[in-house]
Amino acid sequence: MIAERLKHLKPYTAGEQPRGREFIKLNTNENPYPPAPEVSSTLRTFDPDLLRLYPDPTCGELRGAIGESLGLGSENVFAGNGSDEVLSFAFYAFFDGAHGPLLMPQFTYSFYPVYCDFYGIPYRRLPLREDFSIDLSAYLAAGQASGIVFANPNAPTGVAVSRAEIEHLLARFPKDRVILVDEAYVDYGGESVVPLLREHENLLVVSTFSKSRALAGMRLGFAYGNRPLIDALFAVKDSFNSYPVDALAQAVGTAAARAGSYYAEINGRIIATRRSFASALLERGAQVLPSSANFLFVSLPGRTGREVYAHLKERGILVRHFEIPGISDFVRISMGTDEQMRILLGEIDRWTNSPS
Ligand code: PMP
């Protein structure tokens, strides 16, 4: 009954989305602040009659609005139902193992190996440096490769590489193979490589409205690239589902794309929260990786990551823990409001000061 190919798949495990009990939810890097006022007014005035009709399969207006905000033409923008979907299309479109394995960091977004298994793409993970940064020179030295994928800032570490380092890689990597840079968290202090698209035909940038645009529930993700790559993504989409982005999501996304100054303000606040929370943890002797994202990857002295996760969960605070050798001492803490971080710090203090 069940196809053989499914029996060998190990699906991605998403962060918990608890229903019922109220948690301080710092486990899936959602934005603690509301979407822009323009999003609320779009939702209030959206004409339900439009839902009778299929949406624009090309997402023309939405792609135009995003392109305008980035200095790109709409033909350089692809829109999908969350960046997970866009990534999946990109893996199918660009990585086939023809020239060797797809290269990715040892620790990065854990969905990438799942797409590889789903599509039968061979892949190879390259170790991070001791300080958890991505060593891009290792990707050039690795020999055969059909492409490269990494998140920048990386997940779950939050550590970023510079645009100059990526440019150096692009200049030396074969031009007929795609380098995919997942910029899900770039608005929190990373350097976007969108300005490099002009020079590099084989660069694809993926982004999302789930984090810095406070729209995780709307499911909107994007890819930016040169025409042949964007056309290839359309060919995958149109072989799979013609209308992945619904009419309401297109309208809301267009409003969010035009509300840049509101988002710059709330994301600035999140960066400030991250800075003060990181210093508070460092003062308490924690190991905190330098983050350019809306989360911190943290290890508390003398406690495993699992213990930290379980202790906080009992007290109504959810953080993310990965039971993966090499990073299992850490938890990933999304930045909430200052008040939420104050409560979390209070719990950590109560715990570490109490006799065990
Ligand atoms: N890329 C990275 C690095 C992520 O952490 C996430 C969030 N889990 C995504 C992509 C997917 O985000 P979404 O599907 O909500 O756009």
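Structure first, text after, so check above.
These numbers were taken from a predicted model, which means no experiment stands behind them.

S.K.: For the site of the ligand, give the residues involved together with the corresponding values.
M.R.: Taken together, 13 residues sit near the ligand, with Ser-83, Asp-182, Tyr-185, Thr-208 and Ser-210 positioned nearest. Note that a nitrogen atom of the ligand is positioned 3.2 Å from one of the side-chain N or O atoms of Tyr-109. Within the side chain of Arg-219, a nitrogen or oxygen atom sits 2.7 Å from an oxygen atom of the ligand. Of all the cavities here, the one that holds the ligand is the largest pocket. Of all the elements, helix H4 (residues 83-94) adds the most residues to the shell around the ligand, at three residues. Split into classes, the residues belonging to the shell around the ligand amount to five nonpolar, four polar and four charged.

S.K.: Outline the sheet that holds strand E9 (residues 287-288), supporting the account with residue identities and numerical values.
M.R.: Strand order across the open sheet formed by four strands is E9-E10-E13-E12, with antiparallel pairing between neighbours. Unpaired on one side and paired on the other, E9 and strand E12 (320-321) mark the two borders of the sheet. Relative to strand E13 (residues 331-334), E12 runs antiparallel, the two sharing two bridges. In the strand pairing of E13, Arg-320 is matched with Arg-332. The strands that helix H10 (residues 260-283) touches are E9, strand E10 (295-299) and E13; relative to E10, the one it contacts most, it runs at about 5°.

S.K.: Any chance you could break down helix H8 (residues 227-237) for me, citing the residues and the numbers?
M.R.: Within H8, burial applies to Leu-229, Ile-230, Leu-233, Phe-234, Val-236 and Lys-237. All buried residues of H8 fall inside an arc of 160° around its axis, so they share one side. In this structure, the buried residues of H8 make contact with helix H3 (60-70), strand E2 (77-80), H4, strand E6 (178-182), strand E7 (203-208) and strand E8 (221-225).

S.K.: Describe the nonpolar core, naming the residues involved and giving the relevant values.
M.R.: With 90 residues, the main nonpolar core has Phe-150, Phe-222, Tyr-224, Phe-277, Leu-281, Ile-333 and Leu-344 as its most contacted residues. In terms of residues, this core owes the most to one element, H10, which gives eight residues. Each of domain 1 (4-34 + 261-353) and domain 2 (37-259) contributes no fewer than three residues to this core. Discounting chain neighbours no more than four positions away, the residues touching Ile-333 are Leu-26, Phe-277, Asn-294, Phe-295, Leu-296, Val-298, Val-319, Met-341 and Leu-344. Core analysis: the second largest hydrophobic core is formed by 29 residues, Tyr-109, Tyr-112, Val-114 and Val-236 among them.

S.K.: Got a sec to walk through the packing of H3 against helix H9 (residues 247-257)? Specific residues and values, please.
M.R.: What describes two packed helices is the angle between their axes and the distance between those same axes. Running from amino to carboxyl end, H3 crosses H9 at an angle of 15°, the nearest separation of the two axes being 9 Å. Compared by their axis directions, H3 and H9 come out roughly parallel. Seen from above, H3 lies across H9 with left-handed handedness. Contact residues: H3 offers Glu-61, Leu-62, Ala-65, Ile-66 and Ser-69, while H9 offers Gln-250, Gly-253, Thr-254 and Ala-257. When grouped by side-chain class, the residues that make up the contact of H3 with H9 number four nonpolar, four polar and one charged.

S.K.: Kindly report on the sheet that holds E7, identifying the contributing residues and their values.
M.R.: Judged by pairing direction, the sheet is mixed, and its seven strands sit side by side in the order E2-E8-E7-E6-E5-E3-E4 without closing on themselves. Only two strands of the sheet have a single neighbouring strand rather than two, namely E2 and strand E4 (123-126). Direction aside, the axes of adjacent strands within the sheet are offset by 20° on average. Pairing geometry for strand E3 (residues 102-105) and strand E5 (residues 147-151), over two bridges, is parallel. Bridged to Leu-103 within E5 is Ile-148.

S.K.: Requested: an account of the pairing of E13, with residues and values cited.
M.R.: Here E13 shows no split at all, with Val-331 and Ile-333 on one side and Arg-332 and Ser-334 on the other all buried. Summarising the sheet, E10 and E13 pair through four bridges and their orientation is antiparallel. Each residue of the ladder has a partner; that of Val-298, found in E13, is Val-331.

S.K.: So what's going on with the packing of aromatic side chains? Which residues, and what values?
M.R.: Two descriptors summarise a pair of aromatic rings, namely the distance from one centre to the other and the angle between the planes of the rings. Throughout the structure, instances matching the rule amount to 19 aromatic pairs. Look at Tyr-109 and Phe-111: their rings are 6.0 Å apart centre to centre, the planes differ by 65°, and that puts the pair in the edge-to-face class. With 5.1 Å between their ring centres and 80° between their planes, Tyr-262 and Tyr-263 make a pair best called edge-to-face. A relative accessible area of 1% means that Tyr-263 is categorised as buried.

Scoring rules and cut-offs
- Residues numbered from 1 in each chain as written.
- Predicted model: local features only at pLDDT ≥ 70, side-chain atom pairs only at ≥ 80, totals over all residues.
- Heavy atoms only, no water.
- Near = heavy atom within 4 Å.
- Polar contact = N/O pair within 3.5 Å; in protein donor to acceptor, adjacent residues only side chain to side chain.
- 1 Å grid on protein atoms, 1.4 Å probe; cavity = no way out; pocket = protein on both sides within 12 Å on 5 of 7 lines; lining within 4 Å.
- Sits in = over half its atoms within 2 Å of the grid points.
- Helix = DSSP H or I, 4+ residues; strand = E, 2+ residues; numbered from the N terminus.
- Nonpolar A, V, L, I, M, F, W, Y, C, P; charged D, E, K, R; others polar.
- Pairing = 2+ DSSP bridges.
- Contact = heavy atoms within 4.5 Å.
- Axes fitted to C-alpha atoms, helices over the stretch in contact; angles between N-to-C directions.
- Buried < 20%, exposed > 50% of the residue type's maximum accessible area, 1.4 Å probe, protein only.
- Arc of directions from axis to C-beta.
- Core = buried A, V, L, I, M, F, W, Y, C linked by side-chain atoms within 4.5 Å.
- Domains from an automatic or database assignment.
- Parallel < 35°, antiparallel > 145°, perpendicular 65-115°, else oblique.
- Left-handed = near helix turned anticlockwise from the far one by under 90°.
- Phe/Tyr/Trp six-rings, centres within 6.5 Å; stacked < 30°, edge-to-face > 60°.

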